[in-house]
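# Notes for the structure review
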Amino acid sequence: MTLPPIYIMAVITILLSAALWGGVLYILSGRDRRLLWLLLPGLPLSAVVNLAIKRPLVLWLGEAGNVEPGLGLASPLWFIVALSFVPPVTEEAIKVLPLLLPGARRRMDGRTGAMGVGLALGFSFGLGEAAYLAWGVAQAPEYAGYPWYAFTGFLSERTAVTLVHGLLTMLVTVGIWHGGWRILGGYLSAVLLHLLTNLGAILYQLGVIPAWIAGLGLLPSLLILAFVFERWRRQAAQAGDHEERAAEVVYFERKGDEERQP
Amino acid sequence: MSGELVFRPRKSAGWLWLAGIGLLIIGLSALMLLVVPPGEEGYVAVLVTSILTAALGLPFLVLAAWYPTMRYELDGEALTLRYGPVLTYRIPLDQIETIRRRNLSLSLWSSLRFPGIALFGVAYSDVGTVKMCATAALNGILLVETAKEKYGLTPADEAAFVAALQARISP
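Residues numbered from 1 in each chain as written. Chains lettered and ligands numbered in written order. Predicted model: local features only at pLDDT ≥ 70, side-chain atom pairs only at ≥ 80, totals over all residues.

### Some remarks on the overall build of chain A
Check the secondary structure of chain A and you find ten helices and two strands. Helices and strands in chain A line up, N terminus first, as α-α-α-α-α-α-α-α-α-α-β-β. Restricting to contacts in chain A with at least 6 residues of sequence separation, those with at least 24 account for 76%. (Helix = DSSP H or I, 4+ residues; strand = E, 2+ residues; numbered from the N terminus. Contact = placed C-beta atoms within 7 Å.)

The following block contains the structure:
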């Protein structure tokens, strides 16, 4: 029995993404190693949500609406819309499930802490999703003849998607940290941006757009999420700026014609 | 105090990142050629894509090769930051408003910034965009600010560099 070639690329992808996004998480958290363990609990959640929730839900929707699978654009519009919402609604909910762990909740000690926890849980889910998708590809005989290095698209796409998962979950955890109506606001924002992220792939599967346009589908949501992330980081940095200023050394400061030299 | 002084940056392994990224991109473009052998359908498209991808990797290798040229030149008129022939930032001494050392805050925006090296304009969450010519991306950056720009550098002998700079700013 030979190893499906996608597994080699999946191992490279998961190790690379874990090092890259784990490194970013480590730096963003002020080199706090305790946050890194949150990269673990989300690993099985992609398989869980796909096998135990999404698949039965889609089958139930089809049976309830008496819609045959695989009709593409010939399916009723309500069914296409419902199918499009299934991944965002289910995945954004299950990604924060590890917050049931007291250790994870304790890390949500402020907006920066909530951002870090969200990123970690989302990265964790994204890494697990890469493994789950690689397993799916390995079941398809049409991919068995390709060498492992033919799957570079898997590497680049999954690395980027793992970042998007982290940023989406950050919206939910920051909402939870705020409390009240912002919990719903954070979750719905994540669901809608997740839907926007998937839109290219959905339209491609329906045959509406070509693959190369579908490949650009990540960009709009990634840009929006990066803007939100940077805005929150800037606010957090300004709020805690006194700490940075205490750590900095001012060698020279010109004030009009007056100069200060410590 | 008009003679030119040259200061070197503190040592780092940042050039390894540049070289590694360059080799990775070129390696991936070579792998693409292995997937579709000559004569097969789509070979020309893959060849063109591979060449274009490899061309993206070359600048990283060139930047890695220029790593030893990073330096800070100080004369009676200006502080000049140099990196190979592609980066020259000239800061007139009479326009310098502050000199301070601090840690900077990482942002997600793309820039030429790896552990151990930061070049050209780099966006930071706390201080905005900084023109970098430094062997560190986040920690212990010497920020030189004018009314319009911020510059980031990492002299090896920071005390001597700052003393020389201060002596020229206020003789």
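### Brief notes about the domain arrangement of chain B
Under the domain assignment, chain B is made up of domain 1 (14-65) and domain 2 (68-169). If you look at the interface, domain 1 of chain B gives four residues, while domain 2 of chain B gives five residues. (Domains from an automatic or database assignment.)

### What to know about helix H6 (residues 152-178) of chain A
Here H6 of chain A spans 40 Å end to end across 27 residues, near enough to the 39 Å set by a 1.5 Å rise per residue. Taken from the residues just after H6 of chain A, Gly179 of chain A is the one with a positive phi, measuring 85°. (Expected span 1.5 Å × (residues − 1).)

### Overview of the environment of Arg111 of chain A
All names here are of chain A. With respect to the secondary-structure elements, Arg111 resides in helix H5 (residues 111-138). Judged by C-beta crowding, with 17 C-beta atoms within 10 Å, Arg111 ranks as partly exposed. Apart from residues no more than four positions distant in its own chain, Arg111 is found in contact with Val174, Trp177, Trp232 and Ala236. (Buried ≥ 20, exposed ≤ 12 C-beta atoms within 10 Å, placed from the backbone.)

### Describing the interface of chain B and chain A
At the junction of the two partners, chain B supplies 22 residues and chain A supplies 23 residues. Contributions of two or more residues to the side of chain B that touches chain A are made by helix H1 (14-35), strand S5 (98-102) and helix H3 (158-169) of chain B. The element that contributes the greatest number of residues to the side of chain B that touches chain A is S5 of chain B, accounting for five residues. Of the residues belonging to the side of chain B that touches chain A, the class tally is ten nonpolar, seven polar and five charged. Of the strand pairs in this sheet, strand S1 (residues 249-255) of chain A and S5 of chain B are connected by four bridges, and their pairing is antiparallel. (Nonpolar A, V, L, I, M, F, W, Y, C, P; charged D, E, K, R; others polar. Pairing = 2+ DSSP bridges.)

### Structural notes on the nonpolar core
Leu25, Leu38, Ala120, Phe123 and Met170 of chain A are the most contacted members of the largest nonpolar core, which totals 42 residues. Mapped onto this core, the elements with two or more residues apiece are helix H1 (5-28), helix H2 (45-65), H5, H6, helix H7 (181-205) and helix H9 (218-239) of chain A. Here this core gets 13 residues from one element, more than from any other, and that element is H5 of chain A. With residues near it in sequence (within four places) discarded, Phe123 of chain A still touches Trp21, Leu25, Leu39, Thr162, His165 and Gly166 of chain A. The next biggest cluster of nonpolar side chains, apart from the first, holds 37 residues, and it includes Met70, Tyr72, Ile99 and Val122 of chain B. (Core = buried A, V, L, I, M, F, W, Y, C linked by C-beta atoms within 7 Å.)

### As for the confidence of the model for chain A
Of all residues in chain A, 93% have pLDDT values of 70 or greater, and the mean over the chain is 88. Taken element by element, chain A is modelled with least confidence in strand S2 (residues 258-260) of chain A, mean pLDDT 49, and with most confidence in H5 of chain A, mean pLDDT 95. (pLDDT = per-residue confidence, 0-100.)

### Observations regarding the pairing of strand S4 (residues 87-92) of chain B
Residue and element names in this part refer to chain B. Here strand S3 (residues 78-83) pairs with S4 via six bridges, running antiparallel. Counterpart to Leu81 in the pairing with S4 is Tyr89. Linking S3 back to S4 in an antiparallel pair, the connection comprises three residues, with Gly84 at a positive phi of about 55°.

### So, the sheet that holds S4 of chain B
Residue and element names in this part refer to chain B. The four strands are arranged S1-S2-S3-S4 in an open sheet whose pairing can be described as antiparallel. Of all the strands in the sheet, the pair left with one neighbour each is strand S1 (5-7) and S4. Geometrically, the sheet is characterised by an average inter-axis angle of 20° between neighbouring strands, direction not taken into account. Of the pairings in the sheet, the one linking S1 to strand S2 (residues 71-74) comprises three bridges and is antiparallel in character. When the sheet's bridge partners are listed, Phe7 is paired in S2 with Tyr72. (Axes fitted to C-alpha atoms, helices over the stretch in contact; angles between N-to-C directions.)

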